[in-house]
Amino acid sequence: MDKIRILGGVPLHGIIPIAGAKNAVLPLMAASLLTEETLTLSNVPRLMDVTTMANLLIQHGVELSMKRKTPADSYDGDIIELCSRSINNTTAPYKLVRLMRASVLVLGPLVTRFGQARVSLPGGCAIGTRPVDLHLKGLEQMGARIQLNGGYIEASVRGRLKGTKIVLPQISVGATENLLMAAVLAEGETVLINAAREPEVCDLAHCLTVMGAKISGIGTDVMSINGVNHLYGTSYDIIFDRIEAGTYAIAAAITRGEIELLCPCSPLMRAVFTFLKKCGVQIVSTERGVKISAVHGDIMGIDVMTEPYPGFPTDMQAQVMALMTTARGVAMITETIFENRLMHVQELIRMGAQIDIHRTSSAIVRGVPKLSGAPVMATDLRASVCLVLAGLSAKGETIVDRIYHLDRGYERLVEKMAACGARIERISAEL
Ligand code: UD1
């Protein structure tokens, strides 16, 4: 298994292109199951999770072709064509679903178009129990019969699903997406109350609208969907990855460097950029993107609490914690979305960070002048990148193990950071 070796202490300077959003492309690929016509997605990032979703769809019978953009480091992503005219299998097997929790997003599309689906209960990042009860309850309310059998969700409906009012007791990105995709082909009107408003949910809703779905309230917490008889194919360009952009912004800040991100200086970044500005990071929009600079002055410790969008994203919590370990003063970081998402804390402490955990969901981070490099082990995608960021700022060598998590969600991370001067390399486990 590969590792990443970093010799820290070099301020990063350069330009980083930002890829299409992982959390947008996965539901959009699943949405191709909703039509027999071709859905063409562009700005697709090169990620393991995209490959996993592609393999899952292919085994359902989706005809999939991928056009790689050249040169490999081009700003534009890949193009995928997906055609679901001859689906021959509505089972999503454990061997694929366990690799990626987002596989459960095929459930809504399969059951609404084909009246049946058998989907393994998902695995994914080890950040809490992460149930799918909201997905299942919503589908049941729409008339699906749901059974759990041998580790599989078995869902079926006679005829079409029926539109209804669904109040989500908790905001869930995945449940909103699954129910939205189920509702677009259901009979009558579905109202999703307390829906997730994440930009990636909106991207899905916008694409579905271009495909012929009737959706109102996109971007609000109440979405109304009037079911249609069928959807059409279309071409759709995926939004940029705000979490990747935020991660590289922290890379600039933590190394006290300066990086220009090639992505829009968009309102989608507001929560993260507001936080970074409070810390003392300079952020200015440029002709082609946004420049993040921490070359002048200290980083201050600032409290932060994760919340559903438009609040501060949980997917940036670990990276921000890395930044706070060398900030001036104290920062309280509170995770409210997932239980058990502070597993990077113990590894950061091994690098010399001063962090106390309170009641399993809050961490008090007292800034130290410098971290020191160490061998560390990542437990999930964002925790992995947090350790890479810590390693970039630390004195000496850091080896990050279990980097397969990074391949799931960061396209060419080592290359992008090395192009900005980072002393970072991927090493194979035998070395
Ligand atoms: C998505 C994102 C993930 C991000 C998360 C929160 C994708 C592919 N992944 O994950 O990167 O961290 O949103 O922004 O888009 N919950 C339940 N029951 C359910 C569903 C969720 O209790 O049926 C809970 C979860 O355990 C969690 C909270 O709701 O505590 C939010 O989870 P959710 O928004 O569903 O996350 P995902 O869609 O899995």
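Definitions and limits used
Residues numbered from 1 in each chain as written. Predicted model: local features only at pLDDT ≥ 70, side-chain atom pairs only at ≥ 80, totals over all residues. Heavy atoms only, no water. Pairing = 2+ DSSP bridges. Helix = DSSP H or I, 4+ residues; strand = E, 2+ residues; numbered from the N terminus. Axes fitted to C-alpha atoms, helices over the stretch in contact; angles between N-to-C directions. Polar contact = N/O pair within 3.5 Å; in protein donor to acceptor, adjacent residues only side chain to side chain. Contact = heavy atoms within 4.5 Å. Salt bridge = Lys/Arg side-chain N within 4 Å of Asp/Glu carboxyl O. Buried < 20%, exposed > 50% of the residue type's maximum accessible area, 1.4 Å probe, protein only. Near = heavy atom within 4 Å. Areas by Shrake-Rupley, 256 points an atom, 1.4 Å probe, with all protein chains shown as cover. Phe/Tyr/Trp six-rings, centres within 6.5 Å; stacked < 30°, edge-to-face > 60°. Parallel < 35°, antiparallel > 145°, perpendicular 65-115°, else oblique. Left-handed = near helix turned anticlockwise from the far one by under 90°. Nonpolar A, V, L, I, M, F, W, Y, C, P; charged D, E, K, R; others polar.

A.B. asks: Please explain the sheet that holds strand β1 (residues 3–7) as it appears in this structure.
C.D. replies: Strand pairing in a sheet relies on backbone hydrogen bonds. The paired strands run either parallel or antiparallel. Taken together, 4 strands build an open sheet; the order of strands is β22-β23-β1-β24 and the sheet is mixed. Both edges of this open sheet fall to β22 (375–377) and β24 (423–427), since each of them pairs with a single strand only. On average, adjacent strands in this sheet sit at an angle of 20° to one another, irrespective of strand direction. Where β1 lies against strand β23 (residues 397–401), 4 bridges are found, and the strand directions are antiparallel. Among the inter-strand pairings, Leu-7 is bridged to a residue of β23, identified as Glu-397.

A.B. asks: Hey, could you run me through the side chain of Glu-347 in this one?
C.D. replies: By the secondary structure assignment, Glu-347 is in helix α11 (residues 344–350). A polar contact is formed between the side chain of Glu-347 and the backbone nitrogen of Met-377, at a distance of 2.8 Å. If sequence neighbours within four positions are ignored, Glu-347 has contacts with Val-376, Met-377 and Leu-387.

A.B. asks: Sorry, what's going on with the side chain of Glu-244 here?
C.D. replies: Counting through the fold element by element, Glu-244 comes out in helix α8 (residues 242–254). When sequence neighbours within four positions are dropped, the list of residues in contact with Glu-244 reads Pro-17, Ile-18, Ala-19, Tyr-410, Glu-411 and Lys-416.

A.B. asks: Explanation requested: the pattern of salt bridges in the structure shown.
C.D. replies: A side chain of one charge can pair with a side chain of the opposite charge when the charged atoms of the two come close. Taken as a whole and assessed by the stated rule, the structure comprises 20 salt bridges. Between Arg-46 and Asp-78 there is a salt bridge whose closest N-O contact spans 2.8 Å. Note that Arg-46 is positioned in the loop between β3 (38–44) and α2 (48–60) and Asp-78 in strand β5 (residues 78–83), a separation of 32 residues in sequence. A relative accessible area of 24% means that Arg-46 is categorised as partly exposed. The residue Lys-137 makes a salt bridge to Asp-133 at a minimum N-O spacing of 3.7 Å. Of this pair, Lys-137 and Asp-133 are both found in helix α5 (residues 133–141), 4 residues apart, which corresponds to roughly one turn of the helix. Taking the relative accessible area as the measure of exposure, Asp-133 reaches 34% and is therefore partly exposed. Connected via shared salt-bridge partners are Asp-2, Asp-407 and Arg-426.

A.B. asks: Got a minute to help me understand the site of the ligand in this structure?
C.D. replies: In the region of the ligand, 19 residues are neighbours, and Asp-133, Ser-172, Val-173, Asp-315 and Ile-337 sit closest. At 2.7 Å, a backbone N or O of Leu-134 approaches an oxygen atom of the ligand. Within the side chain of Gln-170, an N or O atom sits 3.1 Å from an oxygen atom of the ligand. In the complex, the protein chains occlude 87% of the 740 Å² of accessible area that the ligand would expose alone. Counting residues per element, the ones that place at least two in the shell around the ligand are α5 and α6 (173–183). With 3 residues, the single largest contributor to the shell around the ligand is α5.

A.B. asks: Looking at this model, I keep getting lost on the packing of aromatic side chains. Mind explaining?
C.D. replies: Geometry of an aromatic ring pair is reported as the spacing of the ring centres plus the angle between the planes. Under the criterion given, the structure shown has 1 aromatic pair. Centre to centre, the rings of Phe-275 and Phe-312 are 5.6 Å apart; their planes meet at 65°, and the pair counts as edge-to-face. Of this pair, Phe-275 sits in helix α9 (residues 270–279) while Phe-312 sits in the loop between β18 (304–305) and α10 (317–324), and the two are 37 residues apart along the sequence. The pair Phe-275 / Phe-312 is uniform in exposure class, with both members buried.

A.B. asks: Which parts of the structure should I look at to understand the packing of helix α1 (residues 22–31) against helix α7 (residues 199–210)?
C.D. replies: Relative orientation and spacing of two packed helices are given, respectively, by the angle between their axes and the distance between those axes. In contact at an axis separation of 8 Å, α1 and α7 are set at 30° when each is read in the N-to-C sense. If you check the angle between α1 and α7, you find them roughly parallel. For the pair α1 and α7, the sense of crossing is right-handed. Along its contact with α1, which presents Asn-23, Ala-24, Pro-27, Leu-28 and Ala-31, the element α7 presents Glu-200, Asp-203, Leu-204, Cys-207 and Leu-208. Residues that form the contact of α1 with α7 fall into these classes: 7 nonpolar, 1 polar and 2 charged.

A.B. asks: Help me understand the sheet that holds strand β2 (residues 13–17), please; the structure alone is not making it clear to me.
C.D. replies: What the 4 strands build is an open sheet, ordered β2-β15-β17-β16; its pairing is mixed. Bordering the open sheet on either side are β2 and β16 (282–285), each of which pairs with just one other strand. Ignoring strand direction, the axes of neighbouring strands in this sheet form an average angle of 20°. As judged from the 4 bridges shared by strand β15 (residues 258–262) and strand β17 (residues 290–293), these two strands associate in the antiparallel manner. Residue pairing for β17: Glu-260 is matched across the bridge by Lys-291. α8 contacts β2, β15 and β17 of the sheet and is inclined by roughly 165° relative to β15.

A.B. asks: Looking at this model, I keep getting lost on the pairing of strand β9 (residues 152–156). Mind explaining?
C.D. replies: As judged from the 5 bridges shared by strand β7 (residues 116–120) and β9, these two strands associate in the antiparallel manner. Within the sheet, the bridge partner assigned to Arg-118 lies in β9 and is Glu-154. Bridge analysis of strand β8 (residues 145–149) against β9 gives 5 bridges, and the strand direction is antiparallel. Its bridge partner lying in β9, Leu-148 is registered against Ile-153. Where β8 hands over to β9, the hairpin turn is made up of 2 residues, of which Gly-150 adopts a positive phi near 60°.

A.B. asks: How do you make sense of the pairing of β16 when you look at a structure like this?
C.D. replies: In regular strands, side chains alternate between the two faces of the sheet. Note that β16 and β17 share 4 bridges and pair antiparallel. Paired with Gln-282 across the strands is Ser-293, a residue of β17. As consecutive antiparallel partners, β16 and β17 are separated by 4 residues.

A.B. asks: Help me out: how do you make sense of unusual backbone geometry in this one?
C.D. replies: Excluding glycine, residues mostly have negative phi values, and the peptide bonds linking residues are mostly trans. With an omega of 10°, the peptide bond between Tyr-309 and Pro-310 qualifies as cis. Mapped onto the elements of the fold, Pro-310 is located in the loop between β18 and α10. Of note, the phi angle at Asn-43 is positive, near 65°, even though the residue is not glycine. Structurally, Asn-43 is set in strand β3. With a phi close to 50°, Arg-359 is a non-glycine residue in the positive phi region. Counting through the fold element by element, Arg-359 comes out in the loop between β20 (354–358) and β21 (362–366). The exposed category is assigned to Arg-359, whose relative accessible area is 79%.

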